[in-house]
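Below, each chain spelled out in residue letters.
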Amino acid sequence: MKERFIRFMQGRYGIDQLSKFLPITGLIIVIASSFLGGRPIALILYFVGWILVIYCYFRVFSRNVAKRYAENQSFLTRTYKIRNFFQKQKNIWQQRRVYHIYTCPSCRQKIRIPKGKGKIEVRCPKCGTTFIKKS
């Protein structure tokens, strides 16, 4: 069975970031439309959600690899700032276990100080301003 599926998928595009984004977005829209009740907009949202899910499967099974790759690259370039913002926030939260992150009062540069050092004098590497903080 696994071999048959592998043979079926040969030459097809497969799953990428856009293919992961589309069904999640589609299902969220379908669920949101169910909360709107019998309004006409709910019916439109319902169909839009399912169209996104169906388009996702079309992309996964498509043999036009160049076109699907271009669509994914376009999606990635358009969502770069949003994805980068969330990646930075995730990184900051992971670092907060070990470090205090302070902001320089003059230039707003973020400075990472290890926890557990007591009161220390912090020197900003960007502007040279010194200030005292508890680590």
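Residues numbered from 1 in each chain as written. Predicted model: local features only at pLDDT ≥ 70, side-chain atom pairs only at ≥ 80, totals over all residues. Heavy atoms only, no water.

Some words on the overall build of the protein chain
To keep it simple, the criterion reads: For helices the rule is a DSSP run of H or I covering at least 4 residues; for strands it is a run of E covering at least 2, with both sets numbered from the N terminus onward. Radius of gyration here is computed from C-alpha atoms only, and the compact-globule reference equals 2.2 Å multiplied by the residue count raised to the power 0.38. Each residue gets one of three labels from its accessible area relative to the maximum for its type: buried under 20%, exposed over 50%, partly exposed in between, using a 1.4 Å probe on protein chains only. What makes two residues a contact is simply this: any of their non-hydrogen atoms within 4.5 Å. Only four residue types enter the charge count: Lys and Arg as positive, Asp and Glu as negative, with His and the chain ends excluded. Charge placement uses NZ in Lys and CZ in Arg. For Asp and Glu, CG and CD serve respectively.
On a plain count of helices and strands, the protein chain comes out with five helices and four strands. Scanning the protein chain from its N terminus toward the C terminus, one meets helices and strands in the order α-α-α-α-α-β-β-β-β. At 24 Å, the protein chain has a C-alpha radius of gyration far larger than the 14 Å of a compact globule built from 135 residues. With the C-alpha coordinates of the protein chain rotated into their principal frame, the extents come out at 65 × 45 × 30 Å. In the protein chain, which comprises 135 residues, the proportion classed as buried is 26%. Taking all contacts inside the protein chain whose residues are at least 6 apart in sequence as the whole, residues at least 24 apart take part in 40%. Across the protein chain, the 27 positively charged side chains and the 4 negatively charged ones have centroids separated by 9 Å.

Thoughts on a nonpolar patch on the surface
Rules: Like charges are joined within 9 Å and nonpolar side chains (Val, Leu, Ile, Met, Phe, Trp, Tyr) within 5 Å, but only among residues with over 30% relative accessible area and no salt bridge; these make up the patches. Accessible surface is estimated by sampling points in the Shrake-Rupley manner with a 1.4 Å probe; for residues, cover comes only from the protein chains shown. Salt bridge criterion: a side-chain nitrogen from Lys or Arg within 4 Å of a carboxyl oxygen from Asp or Glu.
There is a patch of nonpolar side chains on the surface, built from Leu-27, Leu-43, Tyr-46, Phe-47, Trp-50, Ile-51 and Ile-54 and spanning about 700 Å² of accessible area. Examining the composition of the nonpolar patch, we find that six residues originate from one element, helix α3 (residues 40-61), more than from any other.

A look at the pairing of strand β2 (residues 110-114)
The side chains of a regular strand alternate, first on one face of the sheet and then on the other. Spelled out, the test is: Two strands are said to pair when DSSP picks up at least two bridges between them.
Of the two faces of β2, only one is covered, namely that formed by Ile-111 and Ile-113; the face formed by Lys-110, Arg-112 and Pro-114 stays uncovered. Bridge analysis of strand β1 (residues 99-103) against β2 gives five bridges, and the strand direction is antiparallel. Bridge assignment links Thr-103 to a residue of β2, and that residue is Lys-110. The antiparallel hairpin formed by β1 and β2 contains six residues in its connecting segment, where Arg-108 sits at a positive phi of about 65°.

Focus: the environment of Gly-49
Mapped onto the elements of the fold, Gly-49 is located in helix α3. In this structure the C-alpha to C-alpha distance between Gly-49 and Gly-26, which are 23 residues apart in sequence, comes to 3.9 Å. Leaving out residues up to four positions away in the same chain, Gly-49 has contacts with Gly-26, Ile-29 and Val-30.

Considering unusual backbone geometry
One non-glycine residue, Arg-108, lies in positive phi territory at about 65°. Here Arg-108 lies in the loop between β1 and β2.

Quick look at the packing of α3 against helix α4 (residues 65-78)
Here is the rule we go by: Interaxial angle, 0 to 180 degrees, is taken between N-to-C directions of lines fitted to C-alpha atoms, where a helix line uses only the stretch in contact. Every angle not falling under 35 degrees, over 145, or within 65 to 115 is termed oblique; those three ranges are roughly parallel, roughly antiparallel and roughly perpendicular. Each residue gets one of three labels, nonpolar for Ala, Val, Leu, Ile, Met, Phe, Trp, Tyr, Cys and Pro, charged for Asp, Glu, Lys and Arg, and polar for the others, Gly among them.
Here α3 crosses α4 at 125°, and the two axes come no closer than 9 Å. Judged on the interaxial angle alone, α4 and α3 are oblique. The residues of α4 that touch α3, namely those facing Tyr-55, Phe-58 and Arg-59, are Arg-68, Glu-71 and Asn-72. When the residues that make up the contact of α3 with α4 are grouped by side-chain class, the tally is two nonpolar, one polar and three charged.

Notes on the pattern of salt bridges
Enumeration over the complete set of coordinates arrives at three salt bridges. We note a salt bridge from Arg-59 to Asp-16, for which the minimum N-O separation is 3.0 Å. Of this pair, Arg-59 sits in helix α3 while Asp-16 is found in the loop between α1 (2-9) and α2 (17-35), placing the two residues 43 residues apart along the sequence. Glu-71 is the partner of Arg-59 in a salt bridge, and the nearest nitrogen-oxygen pair spans 2.8 Å. Pair noted here: Arg-59 is in helix α3 and Glu-71 is in helix α4, with a separation of 12 residues, a long-range link. Given the relative accessible area of 18%, Glu-71 is considered buried. A single network of salt bridges, built from pairs that share partners, joins Asp-16, Arg-59, Arg-68 and Glu-71.

Points about the side chain of Asp-16
Put simply, the rule reads: Under the rule applied, a polar contact is a pair of N or O atoms within 3.5 Å (in protein, one hydrogen donor and one hydrogen acceptor; residues adjacent in sequence only if both atoms are side-chain atoms).
Since its relative accessible area comes to 7%, Asp-16 is described here as buried. Among the polar contacts listed, one links the side chain of Asp-16 to the side chain of Arg-59, at a separation of 3.0 Å. Beyond its immediate stretch of four places on either side in the chain, Asp-16 contacts Arg-59, Arg-68 and Asn-72.

By themselves, these observations are geometric and do not establish any function.
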